[in-house]
Amino acid sequence: MKFQLIITGLLSLLLVACSDKQSANPATPANKAAQPAAVIVKPWYGFEQVSAGARVFQENCASCHGKRAEGADNWRKAGPDGKYPAPPLNGSGHAWHHLLNILFHTIKNGSPGGQGDMPAWAGKLTDDEIVAGIAWFQSKWPREIYQNWVQRDAAARANR
């Protein structure tokens, strides 16, 4: 339930942060001359979630994903079993290509289709702990990566 509230809050934040006060009257000369400015969106998570997420990550995730979320050295290469090792979650891997609900689902239910060895954390971590873990590793993402992720996540929500 709290996860749904967080998602709703994130979407609301994106809508407010992405609104342009000048767009109320697009015929104004200022709008015609104005160049689109890059919108910097504040993270959906807060300090308390990141702090809690640091503990959750170190206790449950770091053994595979690394203490700094750097992932396994060979994360791009499938092992003999055809499964991929733990990817980095610090913004240097592909995690930012996944929407928030997909990140949450993967952590809660494990790797999809036998693609990796990610265990299901349902029953071991609460939804709030999973969300806090995501907040922690997203806090490690470079700003440009996070901004790209926000745009992808918002676009996917708009197309639902």
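Counting restarts for each chain: residues are numbered from 1 in the order of the written sequence. In keeping with the model being predicted, local features are shown solely for residues with a pLDDT of at least 70 and side-chain atom pairs are shown and tallied solely at 80 or more, while totals for entire chains, interfaces and linings include all residues. By convention in this description, side-chain values take in all heavy atoms of the structure and omit both hydrogens and water.

A. Molecular detail of the confidence of the model for the chain. Values of pLDDT, ranging from 0 to 100, describe the predictor's confidence in every residue of the model. In this model, the chain carries an average pLDDT of 81, and 76% of its residues clear a pLDDT of 70 or more. Counting contacts from residues 3–33, a segment whose pLDDT is below 50, to residues more than four positions away or on other chains yields 31 contacts. Whether two residues are in contact is decided by their heavy atoms: any pair within 4.5 Å suffices.

B. Structural detail: the environment of W149. Secondary structure follows DSSP: runs of H or I at least 4 residues long count as helices, runs of E at least 2 residues long count as strands, and numbering of each begins at the N terminus. Among the structural elements, W149 can be located in helix 7 (residues 143–158). Taking the C-alpha atoms as reference, W149 lies 7.6 Å from L99; in sequence the two are 50 residues apart.

C. Spotlight on the packing of aromatic side chains. The pairing test for Phe, Tyr and Trp rings, Trp by its six-membered ring, is centres within 6.5 Å, and the orientation test on the planes gives stacked under 30 degrees, edge-to-face over 60, and tilted for anything in between. For the structure on display, the rule yields 7 aromatic pairs. When the ring of W44 is compared with that of Y45, the centres are 5.3 Å apart and the planes differ by 85 degrees; the resulting orientation is edge-to-face. Only protein chains enter the accessibility calculation, which uses a 1.4 Å probe; a residue whose area is less than 20% of its type maximum is buried, one above 50% is exposed, and one in between is partly exposed. By relative accessible area, W44 is classed as buried at 11%. We classify Y45 as buried; its relative accessible area is 15%. Pairing W141 with Y146 gives two aromatic rings, centres 6.5 Å apart and planes at 55 degrees, and the pair type is tilted. For the pair W141 and Y146, a shared accessibility class is recorded, and that class is buried. Aromatic ring contacts, followed pair by pair, group W44, Y45, F137, W141, Y146 and W149 into a single cluster. The ring of W121 is capped by K124, whose NZ or CZ atom sits 5.6 Å from the centre of that ring. The rule for a charge over a ring is simple: NZ of Lys or CZ of Arg within 6 Å of the ring centre, and within 35 degrees of the ring normal.

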